[in-house]
Amino acid sequence: TNLVCLMPSSLIRNGEGADMNRSVNALSSDKSIGVRIALALACHRMDTRAAYERAVREADAARAQALASKDIDKYMSFFAEDASMVLTGLVEGKPAIRRLVVDWVASPWSTGRWRARKTEVSQAGDLACVQGSYQLASIHPDRSSTSTYVGTYLTVWKKQPDGTWKVLVDALGSDYLPPAPGMRD
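An account of the accompanying structure is given in this report. (Residues numbered from 1 in each chain as written. Predicted model: local features only at pLDDT ≥ 70, side-chain atom pairs only at ≥ 80, totals over all residues. Heavy atoms only, no water.)

## Observations regarding the overall build of the chain
Right, so step 1: For the chain, the count of helices and strands is 5 helices and 6 strands.
Right, so step 2: Across the chain, helices and strands are ordered from the amino to the carboxyl terminus as α-α-α-α-β-β-α-β-β-β-β.
Right, so step 3: Burial analysis of the chain (185 residues in total) assigns 34% to the buried set.
Right, so step 4: Expressed as a percentage of contacts within the chain between residues at least 6 apart in sequence, the contacts between residues at least 24 apart total 51%.
Right, so step 5: Only carbon and sulfur atoms are counted for the fraction: they give 54% of the accessible area of the chain, which is about 11,100 Å². (Helix = DSSP H or I, 4+ residues; strand = E, 2+ residues; numbered from the N terminus. Buried < 20%, exposed > 50% of the residue type's maximum accessible area, 1.4 Å probe, protein only. Contact = heavy atoms within 4.5 Å. Areas by Shrake-Rupley, 256 points an atom, 1.4 Å probe, with all protein chains shown as cover.)

Now the structure itself:
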């Protein structure tokens, strides 16, 4: 019997998985049960990490959509109780983050777009990191003009005991992002 280890299609497309699949097939011909078990576990771990990456990407997209639609309750449902947000300062805890988000939604921000560029899951499968970019547009109070803010974000997600993923740390980087309410000198 042969052991088949399916690599994520992105690895095969990039040529990184082809050698691994050949190695797995060569080793699977070994009659040692220990080798077969180790290979099966390695393949399972790769499949699990790919599934976790997908789940985190989907959660990140749903969180961005919730904020874009100004659904504060849904947006906040993605945060762990002990989450932190890093803007021009540190905002700690879900209640403090909620106050900040309420202020954002009440401000003249009119549109926001987020795009994840890279998602990685730890080998242990309990933490994930999403890197991406964002663009926010605001309308000035007198409606005479708009301003656009562009930057990058880094979000650390933590797998919860129930299998869901929650934001542990959310950091936005931009030279143009105004100070968070309560963070001004």
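## Description of the side chain of Thr-119
Right, so step 1: Among the structural elements, Thr-119 can be located in strand β3 (residues 109-121).
Right, so step 2: When near neighbours in sequence (up to four residues on either side) are disregarded, Thr-119 contacts Glu-53, Val-56, Arg-57, Cys-129 and Val-130.

## Brief notes about the packing of aromatic side chains
Right, so step 1: By the definition in use, this model includes 3 aromatic pairs.
Right, so step 2: Ring centres of Tyr-52 and Trp-165 lie 5.6 Å apart, and the angle between their planes is 65°; this geometry places the pair in the edge-to-face category. One end of the pair, Tyr-52, is in helix α3 (residues 33-68); the other, Trp-165, is in strand β6 (residues 165-173), and 113 residues separate them in sequence.
Right, so step 3: Looking at Trp-165, the relative accessible area reads 7%, which means it is buried.
Right, so step 4: For the pair Phe-78 and Trp-157, a centre-to-centre distance of 6.5 Å together with 80° between the ring planes defines the contact as edge-to-face. Of this pair, Phe-78 sits in the loop between α4 (72-76) and β1 (79-86) while Trp-157 sits in strand β5 (residues 146-159), placing them 79 residues apart in sequence. (Phe/Tyr/Trp six-rings, centres within 6.5 Å; stacked < 30°, edge-to-face > 60°.)

## A few points about the nonpolar core
Right, so step 1: In this structure, Tyr-75, Phe-79, Met-85, Ile-97, Val-101, Trp-104 and Trp-157 are the most contacted members of the largest nonpolar core, which totals 30 residues.
Right, so step 2: Contributing elements (two or more residues each) for this core: α3, α4, β1, α5 (94-106), β4 (127-139), β5 and β6. (Core = buried A, V, L, I, M, F, W, Y, C linked by side-chain atoms within 4.5 Å.)

## Focus on the pattern of salt bridges
Right, so step 1: Using the criterion set out here, one finds 6 salt bridges in the structure.
Right, so step 2: The residue Glu-53 makes a salt bridge to Arg-57 at a minimum N-O spacing of 4.0 Å. With Glu-53 and Arg-57 both in helix α3, this residue pair falls 4 residues apart, about one helical turn.
Right, so step 3: For Glu-53, a relative accessible area of 22% translates into the label partly exposed.
Right, so step 4: With a relative accessible area of 37%, Arg-57 lands in the partly exposed category. (Salt bridge = Lys/Arg side-chain N within 4 Å of Asp/Glu carboxyl O.)

## Thoughts on the pairing of β1
Regular strands have side chains that alternate between both faces of the sheet.
Right, so step 1: Pairing analysis gives 4 bridges linking β1 to β6, with the strands arranged parallel. Paired with Phe-79 across the bridge in β6 is Val-167.
Right, so step 2: Alignment of β1 against strand β2 (residues 90-92), held across 3 bridges, turns out to be antiparallel. Within β2, the position partnered with Val-86 by the bridge is Leu-90.
Right, so step 3: Two successive antiparallel strands, β1 and β2, enclose a turn made up of 3 residues. (Pairing = 2+ DSSP bridges.)

## Quick notes on unusual backbone geometry
Right, so step 1: Positive phi, close to 60°, is recorded for Lys-70, a residue that is not glycine.
Right, so step 2: Tracing the backbone shows Lys-70 in the loop between α3 and α4.
Right, so step 3: Classification of Lys-70 by relative accessible area gives partly exposed; the value is 38%.

## Observations concerning α5
Right, so step 1: For α5, spanning 13 residues, the distance from its first C-alpha to its last is 18 Å, which sits close to the expected 18 Å at 1.5 Å a residue.
Right, so step 2: For α5, every residue scored as buried is listed here: Lys-94, Ala-96, Ile-97, Leu-100, Val-101 and Trp-104. In an axial view of α5, the angular spread of the buried residues amounts to 160°, which keeps them on one side of the axis. In this structure, α5 carries Pro-95, Arg-99 and Ala-106 as exposed residues pointing more than 90 degrees from its buried face. (Expected span 1.5 Å × (residues − 1). Arc of directions from axis to C-beta.)

## Here we look at the environment of Trp-165
Right, so step 1: Measuring from C-alpha to C-alpha, the distance between Trp-165 and Asp-126 comes to 8.9 Å, with 39 residues separating the pair along the chain.
Right, so step 2: Residues in contact with Trp-165, not counting those within four places in the same chain, are Tyr-52, Ala-55, Val-56, Phe-78, Val-121, Gly-125, Asp-126, Leu-127, Ala-128, Trp-157, Lys-158 and Lys-159.

Purely spatial values, then, with no claim about function.
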